[in-house]
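# Examination of the molecular architecture
Chain residues, written in single-letter form:
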2 protein chains.
Amino acid sequence: MRVEIWSDIACPWCYVGKARFEKALGEFPHRDGVEVVHRSFELDPGRGKDDVEPVLGMLTAKYGMSEAQAQAGEDNLGAQAAAEGLPYRTRGRDHGSTFDMHRLLHFAEAAGKREALLDAFYRANFAEERSVFADDERLVELAVAVGLDAEGARAVLADPAAHAEDVRADEREAARLGARGVPFFVLDRAYGVSGAQPVEVFARALDRAWQARTPLAMVQGDGDACGPDGCAVPGA
Amino acid sequence: MRVEIWSDIACPWCYVGKARFEKALGEFPHRDGVEVVHRSFELDPGRGKDDVEPVLGMLTAKYGMSEAQAQAGEDNLGAQAAAEGLPYRTRGRDHGSTFDMHRLLHFAEAAGKREALLDAFYRANFAEERSVFADDERLVELAVAVGLDAEGARAVLADPAAHAEDVRADEREAARLGARGVPFFVLDRAYGVSGAQPVEVFARALDRAWQARTPLAMVQGDGDACGPDGCAVPGA
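This section reports on the structure supplied with the text. Predicted, not measured: the structure shown is a model, and the values here were computed from it.

Residues and elements named next belong to chain B. As for its placement among the helices and strands, Gln 69 is situated in helix α3 (residues 67-83). We classify Gln 69 as partly exposed; its relative accessible area is 48%. Separated by 52 residues in sequence, Gln 69 and Phe 121 have C-alpha atoms that sit 26 Å apart. Within the structure, the side chain of Gln 69 is placed 2.8 Å from the backbone nitrogen of Ser 66, a separation counted as a polar contact.

Turning our attention to the interface of chain A and chain B. The interface of chain A with chain B comprises 57 residues on the first partner and 57 residues on the second. Across the interface of chain A and chain B, roughly 4700 Å² is buried in total on both sides, 56% from carbon and sulfur atoms. The largest share of the area that chain A buries against chain B comes from Trp13(A), Leu216(A) and Val219(A), three residues that together contribute 15% of it. Counting across the chain A and chain B interface gives two salt bridges. Here chain A and chain B share 22 residue pairs in polar contact (both at pLDDT 80 or more) between them. Among the residues forming the side of chain A that touches chain B, the class breakdown is 32 nonpolar, 13 polar and 12 charged. Pairing analysis gives two bridges linking strand β6 (residues 191-194) of chain A to strand β7 (residues 217-218) of chain B, with the strands arranged parallel.

Moving on, we come to the relation of the copies chain A and chain B. For the pair of chain copies, the relating operation is a rotation around an axis with a shift along it. The transform that puts chain A on chain B rotates by 180 degrees and translates by 0.1 Å along the axis, for an RMSD of 0.1 Å. In short, the pair behaves as if placed about a two-fold rotation axis. Residue Ala110(A) of chain A places its C-alpha closer to the rotation axis than any other residue of that unit, at 2.1 Å. An overlap of 98% is found between the interface residues of chain A and their copies at the interface of chain B, pointing to a shared contact surface.

All names here are of chain A. Where helix α1 (residues 12-27) meets helix α5 (residues 114-127), the closest approach of the two axes is 10 Å, and the angle between their N-to-C directions is 130 degrees. The pairing of α1 with α5 is recorded here as oblique in orientation. Helix-helix and strand crossings are classified by hand; for α1 and α5 the assignment is left-handed. The segment α1 lies against α5, with Pro 12, Cys 14, Tyr 15, Lys 18 and Glu 22 engaging Glu 115, Leu 118, Asp 119, Tyr 122, Arg 123 and Phe 126.

With that settled, consider the layout of surface pockets. Looking at the second largest pocket, its volume works out to about 510 Å³. Taken together, 25 residues form the lining of the second largest pocket, with Asp188(A), Ala190(A), Asp188(B), Arg189(B) and Ala190(B) sitting closest to its centre. Partitioned by chemical class, the residues of the lining of the second largest pocket number 15 nonpolar, two polar and eight charged.

This part takes up the state of the cysteines. Residue and element names in this part refer to chain A. For the structure shown, the criterion picks out four disulfides over all chains. One disulfide in the model links Cys 226 with Cys 231; its S-S distance is 2.2 Å. Disulfide Cys 226-Cys 231: the torsion about the S-S bond is 105 degrees, which places it as right-handed. Of note for chain A: the bonded cysteines, numbered N- to C-terminal, pair according to 1-2, 3-4.

Quick look at empty space enclosed by the protein now. Here the structure, examined in full by the defined rule, presents two cavities of 30 Å³ or more. There is about 90 Å³ of room inside the largest cavity. Surrounding the largest cavity, Lys49(A), Ser97(A), Thr98(A), Phe99(A), Asp100(A), Met101(A), Val132(A), Phe133(A), Ala134(A), Asp135(A), Asp136(A) and Leu139(A) form its lining. If you tally residues by element for the lining of the largest cavity, the top one is helix α4 (residues 99-110) of chain A, at three residues. Residues that form the lining of the largest cavity fall into these classes: six nonpolar, two polar and four charged. Around the second largest cavity, the lining residues are Ser7(B), Asp8(B), Ile9(B), His38(B), Arg39(B), His102(B), Leu105(B), Arg114(B) and Leu118(B). Of all the elements in the fold, those that place two or more residues in the lining of the second largest cavity are β2 (35-40), α4 (99-109) and α5 (114-127) of chain B.

On to the sheet that holds strand β5 (residues 184-187) of chain A. Read across the open sheet, the five strands follow the order β2(A)-β1(A)-β5(A)-β6(A)-β7(B); overall the sheet is mixed. The open sheet has two edge strands, β2 (35-40) of chain A together with β7 of chain B, and neither has a second partner. Alignment of strand β1 (residues 2-7) of chain A against β5(A), held across four bridges, turns out to be antiparallel. Paired with Glu4(A) across the bridge in β5(A) is Val186(A). Packing against the sheet, α5(A) makes contact with β1 and β2 of chain A, and its axis sits at approximately 55 degrees to β2(A).

Rules used in this analysis
- Residues numbered from 1 in each chain as written.
- Chains lettered and ligands numbered in written order.
- Predicted model: local features only at pLDDT ≥ 70, side-chain atom pairs only at ≥ 80, totals over all residues.
- Heavy atoms only, no water.
- Helix = DSSP H or I, 4+ residues; strand = E, 2+ residues; numbered from the N terminus.
- Buried < 20%, exposed > 50% of the residue type's maximum accessible area, 1.4 Å probe, protein only.
- Polar contact = N/O pair within 3.5 Å; in protein donor to acceptor, adjacent residues only side chain to side chain.
- Contact = heavy atoms within 4.5 Å.
- Buried area = accessible area lost by both parts, 1.4 Å probe.
- Salt bridge = Lys/Arg side-chain N within 4 Å of Asp/Glu carboxyl O.
- Nonpolar A, V, L, I, M, F, W, Y, C, P; charged D, E, K, R; others polar.
- Pairing = 2+ DSSP bridges.
- Least-squares fit on C-alpha atoms with pLDDT ≥ 70 in both.
- Axes fitted to C-alpha atoms, helices over the stretch in contact; angles between N-to-C directions.
- Parallel < 35°, antiparallel > 145°, perpendicular 65-115°, else oblique.
- Left-handed = near helix turned anticlockwise from the far one by under 90°.
- 1 Å grid on protein atoms, 1.4 Å probe; cavity = no way out; pocket = protein on both sides within 12 Å on 5 of 7 lines; lining within 4 Å.
- Points joined across faces, edges and corners; volume = space filled by probe spheres on them.
- Disulfide = S-S within 2.5 Å.

In structure tokens, the structure reads:
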């Protein structure tokens, strides 16, 4: 069974939801039969690389919250993160473009390091003081910390086209599947879970999708093939 | 939509079936929405690395064919391959273990070169004189020809555990899905095609699987998530 998870590094609920999903998966009896694949989604795809601002300023300007409302939201998110054992700085975080990070995640995927880099990006963005935005060397440092090659990471960052189409393809697929926000979980392309649901919802989704694994519908009888007893001989 | 193709390099019908599938895919109107993934399957998993013999000898010894029957089978396969525009040596091919090639295919996958290397292995095995079996430098040469790193390929070959579990995982998955031979095509984990079917069977399978793409069943209403209009505020 395959679970695809669309998320954005700038999405606090993705950070929290990933931990909740992993808790459900860790308790799932068939967890060894579950493959998890991470996919890209940008909450703010139009934002320029150097357009960085404090989260609170973004929340008040873009969504018309008062500063107190915005801070209360961060405080609440910090509490939700803490409940999952995740560090979260409720003061002084930045917001910016995550496109380059998604391009690096696709670069990391080719080396089998996508999830490690995603976790490193989350941790850096939500829990560490130094901003992850508009700072290529910060991203290279995080890539190297999970075992990626510094020069390879720099080359991706220096070429805006590198893995750009991979990110866009993930985003088109999310739209096609009906995701309007993230985190968005898709189980065997049959069941969906939207948002950082409680652990028991993920557990139910895993159960349901596992039960629903159906035998394949064969489109035709067997054609010419090779098997343990040899290959079909044409005309035989 | 995702199409997974299980195949073995030593499988002539896989070589032919891949070309037929690709013809159907090339004519499929939604081909840009189809992702193709190749997976490993060994027809002869117990064979030792140095256990190489002529195909005709293997066919007569293992399957009790007469030499004339075995040669007629090869001639027929050569004709089927030619009909798809594929070169095929009907005389003098070898048979041996493909495990190391599958391990290299997984190594190539990490660099986005799996299909290129699979095509190179097929071509080398079915159309070129030099054997691909029990000859590590031959495999390294083919890997380099598709853009892989020679030292990386040698390191995989030198370590029998490298990507071994990836190959086994593909094979377990094939067994679970009911594949008893190859090529075996799985569309969105819902439809299967067994064998080198005619192009029109692949076309029908693509149509059917495309039509059957269903909206996801959401396991629960929306949970806390971030979207283009901001993040849910807990308790708000």
